[in-house]
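For reference, the chains in residue letters:
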Amino acid sequence: MTLFLDSLTDDPARWASAGAWAAGFAAVSLWAALKGRRKSEVASEYIVLYASQTGQAEEIARDSAASLQAGGRDAQAVSTATATVAQLQAAKHILCVISTTGEGDAPDEALRFEKTLMRETPDLTGRTVAVLALGDRKYDQYCVFGHRIFNWLVSCGAEAVAPAIEVDDLDAAALKKWQDLLAGLGGQETVHAGAGLPWRLEARTRLNPQGTHPLYHLSFTGQTTGWQAGDLVEITTPHGHRRDYSIASLPEEGRLDLYVREVRKENGEPGDGSGLLIKGIQVGDSLPLRIKSHKGFHMPEGNGPLLLIGAGSGLAGLRAHILQAQARARKVWLIYGERHPERDAALSKTMQAWRDEARLARLNLAFSRPDAGDGQYVQAVVAAQAANIPAWLGETGAVLCCGGRDMGLAVEQALTGVLGQAWVDDAKISGRYRRDLY
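Residues numbered from 1 in each chain as written. Predicted model: local features only at pLDDT ≥ 70, side-chain atom pairs only at ≥ 80, totals over all residues. Heavy atoms only, no water.

Some details on the nonpolar core
Core analysis: the biggest nonpolar cluster contains 30 residues, and Ile 94, Cys 96, Phe 113, Val 131, Phe 145, Ile 149 and Leu 153 have the highest contact counts within it. Listed by contribution, the elements that provide at least two residues to this core are strand S1 (46-51), helix H4 (85-90), strand S3 (93-99), strand S4 (128-135) and helix H6 (144-155). When residues in this core are grouped by element, the largest group, five residues, is from H6. The residues contacting Ile 94, other than those within four sequence positions of it, are Ile 47, Leu 88, Leu 124, Arg 127, Thr 128, Val 129, Ala 130 and Leu 153. Grouped together as the second largest cluster of nonpolar side chains are 27 residues, Leu 215, Leu 250, Trp 354 and Ala 398 included. (Core = buried A, V, L, I, M, F, W, Y, C linked by side-chain atoms within 4.5 Å. Buried < 20%, exposed > 50% of the residue type's maximum accessible area, 1.4 Å probe, protein only. Helix = DSSP H or I, 4+ residues; strand = E, 2+ residues; numbered from the N terminus. Contact = heavy atoms within 4.5 Å.)

Quick notes on the pairing of strand S11 (residues 256-261)
Taking burial as the measure, the six residues of S11 include six buried ones, the bulk of the element. Burial along S11 is two-sided: the residues Leu 256, Leu 258 and Val 260 and Asp 257, Tyr 259 and Arg 261 are all buried. With six bridges connecting them, strand S8 (residues 215-221) and S11 associate as antiparallel partners. Within the sheet, the bridge partner assigned to Phe 220 lies in S11 and is Leu 256. (Pairing = 2+ DSSP bridges.)

Points about the confidence of the model for the chain
Summing up the model confidence of the chain, the mean pLDDT is 89 and the portion of residues at 70 or higher is 89%. Counting interchain partners and residues more than four positions distant, the pLDDT-below-50 stretch residues 1-41 has 41 contacts. (pLDDT = per-residue confidence, 0-100.)

Side note on empty space enclosed by the protein
Under the definition given, this model contains one cavity of 30 Å³ or more. The calculated volume of the largest cavity comes to roughly 50 Å³. Leu 207, Asn 208, Leu 215, Tyr 336, Glu 338, Asp 344, Ala 345, Ala 346 and Leu 347 are the residues that line the largest cavity. Sorting the residues of the lining of the largest cavity by element identifies strand S14 (332-338) and helix H10 (346-356) as the ones contributing at least two each. Partitioned by chemical class, the residues of the lining of the largest cavity number six nonpolar, one polar and two charged. (1 Å grid on protein atoms, 1.4 Å probe; cavity = no way out; pocket = protein on both sides within 12 Å on 5 of 7 lines; lining within 4 Å. Points joined across faces, edges and corners; volume = space filled by probe spheres on them. Nonpolar A, V, L, I, M, F, W, Y, C, P; charged D, E, K, R; others polar.)

Considering the sheet that holds strand S15 (residues 362-367)
Strand order in the open sheet made by the five strands is S15-S14-S13-S16-S17, with parallel pairing throughout. The open sheet is flanked by S15 and strand S17 (433-437), the only strands paired with a single partner. Strand-to-strand twist in this sheet, taken as the mean axis angle between neighbours without regard to direction, amounts to 10 degrees. Examined bridge by bridge, strand S16 (residues 398-403) and S17 share five bridges and lie parallel to one another. Pairing of Cys 401 across the sheet is with Arg 435, part of S17. Here helix H13 (residues 405-419) sits on the sheet in contact with strand S13 (306-311), S16 and S17, set at roughly 155 degrees to S16. (Axes fitted to C-alpha atoms, helices over the stretch in contact; angles between N-to-C directions.)

A short note on the environment of Ile 281
As for its position among the elements, Ile 281 is in the loop between helix H8 (272-280) and strand S12 (286-292). Placed 80 residues apart in sequence, Ile 281 and Leu 201 show a C-alpha to C-alpha distance of 8.2 Å.

Comments concerning the sheet that holds S8
Spatial ordering of the open sheet is given by S10-S9-S12-S7-S8-S11, a layout of six strands whose pairing is antiparallel. In the strand order of this sheet, the two ends are held by strand S10 (242-246) and S11, each with one partner. For this sheet the average axis-to-axis angle between neighbouring strands, irrespective of direction, equals 40 degrees. Here strand S7 (residues 197-206) runs beside S12; their pairing, made up of four bridges, is antiparallel. From the neighbouring strand, Trp 199 faces S12, where its bridge partner is Leu 287. Contacting S7, S8, strand S9 (232-236), S10, S11 and S12, H8 runs over the sheet at an angle of about 120 degrees to S11.

Below you can see the structure in the form of structure tokens.
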């Protein structure tokens, strides 16, 4: 916020705009706090606090609470979006399942928690605390937010029953430590949601046969119900790893579609997830898939216009939103990026056709590696549209971004330059800015 205000110089109109954004942010934070207070009237001996970006931490937290309940303990899972100081003080045992996103950032649903509760020092003497920190070691800021919550709770007087348990990419051995900790608290083993139902691979097509980074379209048939735009499908690899993919289709299309980029490890071996989907199964084979609700990337409330931003396989997370928005008569502006305008053009040409069919009100394409001229990324398009984006969004519009993590961080930086840090923070809390990054 300080940097945002410093950049306004002496322009009275921009000072007024900053004040409006700040007031809006404060109002949303107060609303969230009051909402959380109402939901936390019932105290529990065990509180399982979670901060989730894709839904994985929430799922583990709910399974943890169910384990404790099965052991006869009074437990409930509570989101950092609604948790209150009173709720933490009422519990005897505070268990936390915390994801880290971005560059060591809090998940969107935990922003209010970090900006309000964690700036206080409530007395938590007499409570015990344990933290399961989810992360991925390939990123520099590994499990950082989980450690921030752990350190804050301990600084407030809570007694740590164990050091924070770090989980690299849902590593089974680390998760077993958490299960052992729950068992020591009286938790009982419960039935997990499982590997899902069998889905038949009907077609697999390479979208860019001449491209340097293979991208595939996979189409499955099975029980085509139970998801909405923004949801994920989980696969379990032969090595036991779980991988999530954005669902590109809607149930009414009668199929489950994925866009999968081929991934190679440093040693040249196929990635665990893409290797299974692209090489490990054949057309006609069945594969267990589990549908996962990704509420943090569902359609924002209201009927305001949408700005969708993505690149490459990230269109999977946006395609269903375009169809759902069309059904709800919501205007859509898509900014989409790929590598080459011809060799990687299959999806961008589809989007051009959708624009011509009026499924899209506006479309901007960016190609990072054309044969001639300077390449352009989607974040550059966002910056170049600085004069148009605020007017497009107005008071009710929303932004959804899907694709690689680095792209998402660059897009957020560009949006901050266009709309201001206060707008971005406010929109994350209110649900007007939603991301599905990987």
